[in-house]
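# Survey of secondary and tertiary structure
The lines below spell out each chain.
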Amino acid sequence: MKEIQTLGNKSPNIADPKITNKFDFKILTLDGGGIKGLYAAKLLAQIELKTGKLIGDHFDMICGTSTGGLLALGITRGIPCKQISRFYEEHGPLIFPYEGWTIRKLRGFLQVCIGTKYGNEKLRLALKELLGDYQTMSDANHLMCIPSFNITKGRPSIFKKPFGHYHRDGRFTMMDVALATSAAPTYLPSVSIEGDQFIDGGIFNNNPSLIGYTEAMDHFVGSNRLNVPDHLEYNRISLLSIGLPNEPIGEDPFISSTRSFINWKQKLVGTAMTGSDYIIEYQVRKLVELGAGYYFRLDPPQMSSKQLKNLDMDNTSQKAIQTLTTYGQDVGDDYTSTKWSKIEPFFDTLKTYKF
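Residues numbered from 1 in each chain as written. Predicted model: local features only at pLDDT ≥ 70, side-chain atom pairs only at ≥ 80, totals over all residues. Heavy atoms only, no water.

Here we come to the pattern of salt bridges. Evaluation of the coordinates by the stated rule reveals 13 salt bridges. For Lys117, the salt bridge goes to Asp314, with nearest N and O atoms at 2.8 Å. Taken together, the residues Lys117 in the loop between helix H4 (101-113) and helix H5 (121-131) and Asp314 in the loop between helix H10 (305-309) and helix H11 (318-335) connect sequence positions 197 residues apart. Across the pair, Asp314 and Lys117 agree in class, each one buried. Among the ionic pairs, Lys160 bridges to Glu215, the shortest N-O distance being 3.1 Å. In this pair, Lys160 sits in strand E5 (residues 155-160) while Glu215 sits in helix H7 (residues 209-219), placing the two residues 55 residues apart along the sequence. Both residues of the pair, Lys160 and Glu215, belong to the buried class. Each of Asp31, Arg297 and Asp299 takes part in salt bridges that share partners, so that together they form one network. (Salt bridge = Lys/Arg side-chain N within 4 Å of Asp/Glu carboxyl O. Helix = DSSP H or I, 4+ residues; strand = E, 2+ residues; numbered from the N terminus. Buried < 20%, exposed > 50% of the residue type's maximum accessible area, 1.4 Å probe, protein only.)

As used here, a disulfide is simply a covalent bond connecting the sulfur atoms of two cysteines. All chains considered together, the criterion is met by zero disulfides. There is no disulfide at Cys63, and the cysteine sulfur nearest it, in Cys145, is 4.3 Å away. (Disulfide = S-S within 2.5 Å.)

Turning our eyes to something else, we now look at the pairing of strand E8 (residues 232-242). With respect to burial, E8 is a largely interior element, nine of its 11 residues being buried. Examined bridge by bridge, strand E2 (residues 21-30) and E8 share 10 bridges and lie parallel to one another. Looking at the pairing, Asp24 lines up with Arg236 of E8. The pairing of E8 with strand E9 (residues 294-298) spans five bridges and is parallel. The partner of Leu240 across the bridge, within E9, is Phe296. (Pairing = 2+ DSSP bridges.)

Let us look at unusual backbone geometry. Located in the positive-phi region is Asn224, a residue other than glycine, with phi close to 55°. Structurally, Asn224 can be placed in the loop between H7 and E8. A positive phi angle, near 65°, is found at Ala292, a position not held by glycine.

In this section: the side chain of Ser317. Counting through the fold element by element, Ser317 comes out in the loop between H10 and H11. A polar contact of 2.9 Å, which involves the side chain of Ser317, links it to the side chain of Asn315. (Polar contact = N/O pair within 3.5 Å; in protein donor to acceptor, adjacent residues only side chain to side chain.)

The next subject is the packing of aromatic side chains. By the definition in use, this model includes 16 aromatic pairs. Between Phe59 and Phe346 the ring centres are 6.3 Å apart and the planes differ by 25°, which places this aromatic pair in the stacked class. Placement of the pair is Phe59 in the loop between helix H1 (37-51) and strand E3 (61-64) and Phe346 in the segment after helix H12 (340-343), with a sequence separation of 287 residues. Seen in terms of ring centroids, Phe163 and Phe220 are 5.0 Å apart; in terms of plane orientation they differ by 55°. Their pairing is tilted. Of this pair, Phe163 sits in the loop between E5 and helix H6 (174-181) while Phe220 sits in the loop between H7 and E8, placing them 57 residues apart in sequence. Neither residue differs from the other here; Phe163 and Phe220 are each classed as buried. The structure contains a cluster of three or more aromatic residues connected by ring pairs, namely Phe25, Phe163, Tyr166, Phe220, Tyr234, Tyr353 and Phe355. Taking NZ or CZ as reference, Lys160 lies 4.2 Å from the ring centre of Tyr166, over its face. (Phe/Tyr/Trp six-rings, centres within 6.5 Å; stacked < 30°, edge-to-face > 60°. Lys NZ or Arg CZ within 6 Å of the ring centre and 35° of its normal.)

A few words on the packing of helix H2 (residues 67-76) against helix H3 (residues 81-95). For the pair H2 and H3, interaxial distance at closest approach is 10 Å and the crossing angle is 140°. By the angle class used here, H2 and H3 are oblique. By crossing handedness, the relation of H2 to H3 is classed as right-handed. Mapping the contact onto sequence places Thr67, Leu70, Leu71, Gly74 and Ile75 in H2 and Cys81, Ile84 and Tyr88 in H3. Of the residues that constitute the contact of H2 with H3, the class distribution is six nonpolar, two polar and no charged. (Axes fitted to C-alpha atoms, helices over the stretch in contact; angles between N-to-C directions. Parallel < 35°, antiparallel > 145°, perpendicular 65-115°, else oblique. Left-handed = near helix turned anticlockwise from the far one by under 90°. Contact = heavy atoms within 4.5 Å. Nonpolar A, V, L, I, M, F, W, Y, C, P; charged D, E, K, R; others polar.)

The subject of this paragraph is the environment of Lys160. Classification of Lys160 by relative accessible area gives buried; the value is 12%. It is 9.8 Å that separates the C-alpha atoms of Lys160 and Phe172, two residues lying 12 residues apart in sequence.

Together, Tyr278, Ile279 and Tyr282 line one region of the surface with nonpolar side chains, adding up to about 360 Å² of accessible area. You can see Tyr282 is positioned in helix H9 (residues 267-290). On the basis of relative accessibility, which here comes to 45%, the residue Tyr282 falls in the partly exposed class. (Patch = residues over 30% accessible without salt bridge, like charges linked within 9 Å, V, L, I, M, F, W, Y side chains within 5 Å. Areas by Shrake-Rupley, 256 points an atom, 1.4 Å probe, with all protein chains shown as cover.)

Two elements in contact, H1 and H2, have axes whose closest approach is 9 Å; the angle formed by their N-to-C orientations is 35°. Between H1 and H2 lies a crossing whose hand is right-handed. Contact residues: H1 offers Gly37, Ala40, Ala41 and Leu44, while H2 offers Thr67, Leu71 and Ile75. Within the contact of H1 with H2, the residues separate by chemical class into five nonpolar, two polar and no charged.

Turning our eyes to something else, we now look at H2. Of all 10 residues in H2, 10 are buried; the element is thus mostly enclosed. At the C-terminal side of H2, Gly78 shows a positive phi close to 80°.

Below you can see the structure in the form of structure tokens.
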């Protein structure tokens, strides 16, 4: 991933329009998962401590779905991941209040029969503190891909930092984009942007790696790309994907084959997301490797079923917060010490795409 310069017999101090600097196009992708974004923020904070630089200093494109979208927007705003982790710790219990057993059951009934489990007023106030309420996608310091789903038009929508002929998203506020990508159905209300209703991008793409890969191949990787600055060429992709702890997978083989919606509960969505994550990870790994690039999926550690049951996307109990904090810290320590060589290629150079 080091810079390659075609200099011929010329001095490197003499400007020459024929000189082309070749780099890897570096992408960071962040999965969705509600309060479990705290785990990723803690992990990334450890990497910032190791390198002495912000995570965003190293990547040309950042992609994030749902809570990963909140992380991505915070990173492109130049907010240290240590501060983002405090955002989750302080505001998570306000956004997803973990009340007594009776209130939790009432919220569950509300979610199934009446409306969303939570409102988004507390989330909006927390995001105002983190991102501000006036910055638009044009203010992002990176190329961005933030998935959401437009239920008005019935199709996926990817919010981007404007480049080339893309301009629509430049007028959208980061606040609205953050609310839209994290509007998990039945958990949080859908979000209206210019008359269309948007919900959580995890509905179709909880792991946004394939979106980032496709965007890069369509517009940035290869020679003579119109969207790439002069004298710069990206000849391959390096992609770091950050996964979050998932709910337990697998079922009793004798479980009812005629389960109702109520009996499926959150597993109905969770199963779809887990399957999507798995196949996307496989596809992107193969595609990046075929292009001679470097791909690494930083998966969470193995946890017991008992631990994972405490890590629902809206479980902000003291035990859940402590588990996410501890595991994020531990995995970050692991990858900044004995496993550093696995992710070092992403951090030995700075980003090269600048607006």
